[in-house]
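Commentary on secondary and tertiary structure
Spelled out from the first residue to the last, the chains are:
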Amino acid sequence: MRLALALLLALIASPAFAAVFTFAGKLNGRDIVVELTQPRDGAVAGRYAFLDWGADVPLVPVSSQDFNWVLHEEAMCGEDDCELADTGEVIKAPLAAVWEVSFDPVSFTASVTRTVNGPKSKPQGINLETIGWRPLDPSQTATATSLHERSASYAYMNEWKLNWTTAPYEMTLLDVPLEESAPEEIDGAQFHYVTDPRTKFPFPRAISLPNDESVTRVNAILADHHRRMNLSALDCLAMVHASYGVNSEWSIMGGHLADYDNEQVTLTYLSPRLVSWTQSGSLYCTGAHPYNHYDSYTYDLETGDRLDPAKIIASWVPRQWGAEAGEIADVEIARANPDAYKWGPDQDLIAFVKERIPQDVYMGDAETDEICFGDNAIADHLDIRIVAGPKIMFTVSGYPHVMSVCTTDLFAASLDELKPFLAPTAADYFED
């Protein structure tokens, strides 16, 4: 670690390079994680969070001279003390404290004098130890806002690797003891749920798999999803600061967990090859409307990727976006241009599904039922996941917000019942 940091120090001297340091320390007896940029074209920016709370606090650049930096710690927005420009820049924000930081390039530590804003405030000393670093993208502006937004982006940028190399601040923030539920079992596999006490929703982890298979791969997938959801919840919790895009008019939108604390996550299948679960709830932090959802997830443990239903169901075909149910596209063309096509059931599978939809699923209104469960709706919204048995659960989701009431499980079918529709590769996933 020391050698790597020594190399980093040499690189910092280059005007084309800038780093972002992650520090650990204590403030008022509580563990904190701190992130600070290195000066490149301007002053040092940063953020910090109490590990027992998890919400970022902005550290806004003021000045920098060699390894001595001054930052302003933003206070939460009150009713009328925050103001943003139409373009989002902070015009006015309350001051919580001034940070005077002195970085020691030999020990890779920093000493901070933190002076709380107020007439009787006494300076506090904070000692920070470097625990990681990452390069700052040359195209990224070093601001308190951009640092926080990078963490929030992990919630939907699944292609971004979330690990100790790429995201030391985020991984430190998420590295807290998790509460564990009692063990449960599905088809010979044991699992339990773990909960980050700050975000409060349980998420599954494997304990053991049949034939003593390792749980490392499945738990890496589950932990990655859990972490990204936690970052999204903590993003909303922090949105009471002007630098995170919240002024007095919008401050009621932040400062909570976006209803992640009521999110329901249920594991439905676990084997050495596949893991399936559902996530449901009504998430809302800011925006026009909440995200009402009941989503299914199935992952191939061998590849680490989300399962392509075509590997289980042969009757899974491509259509151009917006095409009618009968307008099937060429498979080779669709695979060569994946963004232009959506995959779903062919007409034979649509008919099979519609014949087996239980009557209690229907709404009782012909127009609504056609929108929810007609041929085109099934073609666009059918999904599968695996449940105990193993069986294939057919489910529909992904409707526009106004029609989210359509989202539901339809029915589960055994592998024997589905033989006419199974792909040759399906057996690979369900061998004993």
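Now for a quick tour of the structure. Within each chain, residue numbers correspond to sequence positions counted from 1 in written order. In view of the model being predicted, local features appear only for residues whose pLDDT reaches at least 70, and side-chain atom pairs are presented and counted only at 80 or more, with totals across whole chains, interfaces and linings using the full set of residues. The side-chain quantities take in all heavy atoms of the structure and omit both hydrogens and water.

Observations regarding the overall build of the protein
The line we're drawing: Starting at the N terminus, helices and strands are each numbered in turn, a helix being any DSSP run of H or I of at least four residues and a strand any DSSP run of E of at least two. Between buried and exposed lies partly exposed: a residue is buried under 20% and exposed over 50% of the maximum accessible area for its type, with that area taken using a 1.4 Å probe on protein chains only. Should any heavy atoms of two residues lie within 4.5 Å, those residues are counted as being in contact. Here, Shrake-Rupley sampling with a 1.4 Å probe gives the accessible areas, and only protein chains in the shown set may cover a residue.
Along its length, the protein carries nine helices and 22 strands. Its C-alpha atoms give the protein principal-axis dimensions of roughly 75 × 50 × 45 Å. The burial tally for the protein puts 49% of its 432 residues in the buried class. Of the contacts made within the protein by residues no fewer than 6 positions apart, 52% connect residues no fewer than 24 positions apart. Accessible area of the protein: about 20600 Å², with a carbon and sulfur share of 51%.

Concerning the state of the cysteines
What counts here: For this text, the term disulfide refers to a pair of cysteine sulfurs within 2.5 Å.
One pass over the structure, following the stated rule, counts three disulfides. Here C77 connects covalently by a disulfide to C82, the sulfurs 2.1 Å from one another. One disulfide, between C77 and C82, carries an S-S torsion of -95° and so falls in the left-handed class. Accessibility classification places C77 together with C82 in one group, the buried group. Disulfide pairing is shown between C236 and C285; the S-S distance is 2.1 Å. The chirality of the disulfide connecting C236 with C285 is right-handed, given an S-S dihedral of about 95°.

Focus: the sheet that holds strand β17 (residues 291-300)
Under the convention used in this document: A strand pair is defined by DSSP finding two or more bridges across the two strands. For helices, the fitted axis covers only the stretch in contact; all axes are lines through C-alpha atoms, and the angles between them, taken along N-to-C directions, range from 0 to 180 degrees.
Taken in spatial order, the three strands make up an open sheet running β15-β16-β17, and their pairing is antiparallel. Looking at the sheet topology across the chains shown, the edges are occupied by β15 (264-270) and β17. With strand direction ignored, the average angle separating the axes of adjacent strands in the sheet is 15°. Where helix α4 (residues 216-238) meets the sheet, its contacts fall on β15, β16 (274-283) and β17, and the angle it forms with β16 comes to roughly 10°.

Digging into the pairing of strand β3 (residues 46-50)
Of all five residues that make up β3, five are buried, and the element is covered over most of its length. Here β3 shows no split at all, with G46, Y48 and F50 on one side and R47 and A49 on the other all buried. Of the pairings in the sheet, the one linking strand β2 (residues 30-37) to β3 comprises five bridges and is antiparallel in character. Bridging from a neighbouring strand, E35 pairs with R47 of β3. Bridge analysis of β3 against strand β4 (residues 57-65) gives three bridges, and the strand direction is antiparallel.

Regarding the pairing of strand β13 (residues 189-195)
A regular strand places its side chains so that they alternate between the two faces of the sheet. When you tally the buried positions in β13, you get six out of seven residues, the bulk of the element. Judged from the three bridges that link them, strand β12 (residues 184-186) and β13 form a sheet pairing that is antiparallel. The partner of E184 across the bridge, within β13, is F191. Judged from the six bridges that link them, β13 and strand β14 (residues 202-208) form a sheet pairing that is antiparallel. Bridging from a neighbouring strand, Y193 pairs with P204 of β14. Between β13 and the antiparallel strand that follows it, β14, lie six residues; K200 among them carries a positive phi value of about 75°.

Overview of α4
The line we're drawing: Expected span of a helix, by definition, is 1.5 Å for each gap between consecutive residues, and there is one gap fewer than residues.
Its 23 residues place the ends of α4 32 Å apart at the C-alpha level, agreeing with the 33 Å of an ideal helix rising 1.5 Å per residue. For α4, a buried count of 18 out of 23 residues is recorded, marking the element as mostly surrounded by other parts of the structure.

Here we look at the sheet that holds strand β21 (residues 391-396)
Hydrogen bonds along the backbone pair up the strands of a sheet, which may run parallel or antiparallel. The sheet built from three strands is open, its strands ordered β20-β21-β22 with antiparallel pairing. Each edge of the sheet is formed by a strand with only one pairing partner; in this case those strands are β20 (382-387) and β22 (408-414). For this sheet, the mean inter-axis angle between neighbouring strands, taken without regard to orientation, is 30°. Note: β21 against β22, six bridges, orientation antiparallel. Pairing of M393 across the sheet is with A412, part of β22. Each of β20, β21 and β22 touches helix α6 (residues 347-356); the most contacted strand, β22, lies at about 105° to it.

Some points on α6
Helical periodicity: at 3.6 residues per turn, an α-helix aligns residues three or four positions apart in one direction. What counts is decided by this rule: Here, the arc refers to the directions that run from the helix axis to the C-beta atoms. Distance and chemistry together define a polar contact, namely a pair of N or O atoms within 3.5 Å, with one atom able to donate a hydrogen and the other to accept it when in protein, and with adjacent residues in sequence counting only for side-chain atoms on both sides.
Residues of α6 that are buried include every one of L349, I350, F352 and V353, and no others. Angular distribution of buried residues about the axis of α6 spans 160°; they occupy a single face of the element. Among the exposed residues of α6, those oriented more than 90 degrees off its buried face are D348 and E355. Contacts made by the buried residues of α6 are with β18 (316-320), β19 (341-345), α8 (375-381), β20, β21 and β22. Capping of α6 at its N-terminal end is provided by D346; its side-chain oxygen lies 3.2 Å from the backbone amide nitrogen of D348.

Remarks on the pattern of salt bridges
Using the following cut-off: For this analysis, a salt bridge means a side-chain nitrogen from Lys or Arg found within 4 Å of a carboxyl oxygen belonging to Asp or Glu.
In total, this model carries 17 salt bridges according to the counting rule given. With its nearest N and O atoms 3.6 Å apart, the salt bridge here joins E35 to R134. Of the two residues, E35 is situated in strand β2 and R134 in strand β10 (residues 124-135); the sequence distance between them amounts to 99 residues. R134 carries the same exposure label as E35, and that label is buried.

Digging into the packing of aromatic side chains
Quick reminder of the rule: Any two of the Phe, Tyr and Trp rings considered here, Trp counted by its six-membered ring, make a pair once their centres fall within 6.5 Å; the pair's planes then place it as stacked at under 30 degrees, edge-to-face at over 60, or tilted in between.
Counted by the stated rule, this structure contains 19 aromatic pairs. Look at W277 and Y297: their rings are 5.3 Å apart centre to centre, the planes differ by 10°, and that puts the pair in the stacked class. Linking W277 in strand β16 with Y297 in strand β17, this pair joins segments that are 20 residues apart in sequence. Given the relative accessible area of 13%, Y297 is considered buried. The interplanar angle of 10° and the centroid separation of 5.8 Å between the aromatic rings of W277 and Y299 together place this pair among those described as stacked. Here the residue W277 occupies a position in strand β16, and Y299 occupies one in strand β17, the gap between them amounting to 22 residues.

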